[in-house]
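A structural walkthrough
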Amino acid sequence: MRAISLTALVAGSLTLATPVLSDDALMFNHLATYETGIFDEGAAEIVVYSATTQRLYVVNADAGEVDVLDISDPSAPAKVATLGTSAHGSGANSVAVGGDLVAVAIVGPSKQDPGKLVFFDLEGNEKAVVTVGANPDMVTFTPDGSYALVANEGEPSKDYTNDPEGSVSIIRIADMSVRTAGFAGFETVPEGMRIVKPGSTVAADVEPEYIALSTDGSTAYVTLQENNAIAVIDVAKAEVTDLLGLGFKDHSQVPFDASNKDGGTNIKTWPVSGMYQPDSIVSYETAGETYLITANEGDAKDYDGWSEETRVAKLTLDPTVFPNASELQEEGRLGRLKTTVSMGDTDGDGDHDVIYSYGARSFSIWSTSGDLVFDSADQFERITAARLGRDFNSTNDENDKGDNRSDDKGPEPEALTVGKIGGKMIAFIGLERVGGVMAYDVTDPANAEFLGYRNNRDFSGNAEAGKAGDLGPEGLAFISAEQSPNGKDLLAVSNEVSGTTSIFEITLN
């Protein structure tokens with residue numbers, strides 16, 4: 001387990017106690033929203049931008065296609081085309097733009113079958129189709145456009161009888177040849193990483209989620225969310241060269257709200273170890289060094305055939321480690337907290353010596369060797385609690401559900417992007433459950449600074465009727481002033497639950 005600077009984390013948390021209600025240094029000016037009118041069907045998942053066409057490409061999983069939105073006038077986005085993919089599989093998962101190509105990741109007949117990567121030109125004409133691994137998820141291009149990479153999750157079937165290997169497919173654009181970076185060569189995992197299902201091989205257990213690339217495109221960093229790790233890949237060789245275990249957050253030092261039955265906001269310390277389990281990952285350079293940023297959403301393996309998920313109330317806790325076990329397991333304390341049965345019995349005597357939670361409810365900055373440089377600690381929960389009051393830790397598909405997600409993964413940071421504004425590197429982090437986007441100055445990675453938070457959700461509206469604004473931010477696309485249609489820094493946010501894509505003008509005071 002890598003050490004975390006308690007001073008940095010606690011100080012970072014406490015410094016926000018006063019500023020969270022003051023004027024933000026970064027402002028989100030809402031320009032417009034494109035609405036599909038489709039509720040809770042993933043009608044606006046991943047969003048990317050092409051400066052060449054001044055268009056957004058938005059994954060519409062409900063229709064199994066990609067919506068193309070003209071934003072030449074960012075205040076009036078309009079759908080102008082659709083990239084159809086139904087001939088190649090059962091649904092679209094992700095989209096990326098590289099040069100004059102658009103790549104769309106397509107699920108096969110089932111998530112256990114090989115999928116496809118379909119390439120279009122910017123006008124929507126299909127150019128090529130290649131076969132990739134099982135359940136291709138996030139797709140991206142190297143900066144020079146010479147390769148496309150797709151993370152193949154390889155999720156098990158519901159009965160867990162078919163668990164394909166996770167992998168990353170690497171496509172050379174020049175000839176559309178496909179190579180696979182797999183995990184068969186790894187028999188053990190490093191400290192701070194886990195094998196979730198006992199008895200699984202590393203290759204079958206890992207589920208590659210999201211990809212970040214070094215500036216020169218030679219190295220890929222891939223989140224293995226459920227396994228609490230990052231894989232390092234040599235792109236030219238299509239080879240996994242390292243596994244980085246991310247360790248655990250010590251919640252006896254870093255507070256969080258652990259229950260949805262504690263009467264409201266109750267952010268405090270608990271004897272719990274939080275798995276970081278990042279979803280999105282991006283890389284950036286500052287002061288000549290490359291750093292990785294992760295959105296630490298958390299995720300469990302929970303299937304009909306086998307599930308690791310349970311609640312703390314159902315664990316048998318070691319009486320020596322937890323002499324106050326009966327008190328801790330009350331529903332207003334830790335009893336409701338989602339935890340795992342796949343680890344925690346460190347001495348093999350049948351009871352749990354460690355309680356784990358899913359996700360760190362934060363974003364983190366890491367070195368490329370996997371050392372933790374910064375973590376936002378409990379800032380997300382404290383900021384949303386201060387600003388949203390009773391709507392703190394709400395779920396994303398209905399209102400009047402404050403505190404609803406505290407026993408799960410809290411605000412669930414998921415979407416992530418980074419951009420340069422006024423000489424500063426700014427990270428944007430979308431909170432999937434409660435909604436909204438956080439902004440941080442990450443120019444000095446060890447001292448990242450909160451800049452602003454904007455939630456375009458109406459907590460008084462009827463969510464299912466489409467009256468609650470943006471719900472469930474899933475994808476973010478930063479558009480620099482140099483590339484944007486109106487010469488201003490913009491942020492596009494795709495929201496999977498509300499099926500909306502919103503555009504904000506970003507101003508750094």
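What counts, and at which threshold
- Residues numbered from 1 in each chain as written.
- Predicted model: local features only at pLDDT ≥ 70, side-chain atom pairs only at ≥ 80, totals over all residues.
- Heavy atoms only, no water.
- Salt bridge = Lys/Arg side-chain N within 4 Å of Asp/Glu carboxyl O.
- Helix = DSSP H or I, 4+ residues; strand = E, 2+ residues; numbered from the N terminus.
- Buried < 20%, exposed > 50% of the residue type's maximum accessible area, 1.4 Å probe, protein only.
- Pairing = 2+ DSSP bridges.
- Axes fitted to C-alpha atoms, helices over the stretch in contact; angles between N-to-C directions.

Pairing is possible between side chains that carry opposite charge, provided their charged atoms lie close to one another. Counted by the stated rule, this structure contains 22 salt bridges. We note a salt bridge from E207 to K301, for which the minimum N-O separation is 3.3 Å. Note that E207 is positioned in the loop between α2 (202-205) and β14 (208-213) and K301 in the loop between β21 (289-295) and β22 (309-311), a separation of 94 residues in sequence. For the residue pair E207 and K301, the accessibility class agrees, reading buried in each case.

Now for the pairing of strand β33 (residues 500-508). Counted residue by residue, β33 has seven buried out of nine residues, so it is predominantly covered. Of the pairings in the sheet, the one linking strand β1 (residues 26-35) to β33 comprises nine bridges and is antiparallel in character. Directly across from H30, in β33, lies its bridge partner F504. Relative to β33, strand β32 (residues 490-495) runs antiparallel, the two being bridged by six bridges. Residue pairing for β33: N495 is matched across the bridge by T500.

With that out of the way, let us pick up the sheet that holds β21. With respect to topology, four strands assemble into an open sheet ordered β20-β21-β25-β26, the strand pairing being antiparallel. Two strands lie at the open edges of the sheet, namely β20 (281-286) and β26 (372-375), each paired on one side alone. Going across the sheet, the axis of each strand differs from the next one's by a mean of 25°, ignoring polarity. Inspection of the sheet shows β21 paired to strand β25 (residues 363-367) by five bridges, in the antiparallel sense. Paired with Y291 across the strands is S367, a residue of β25.

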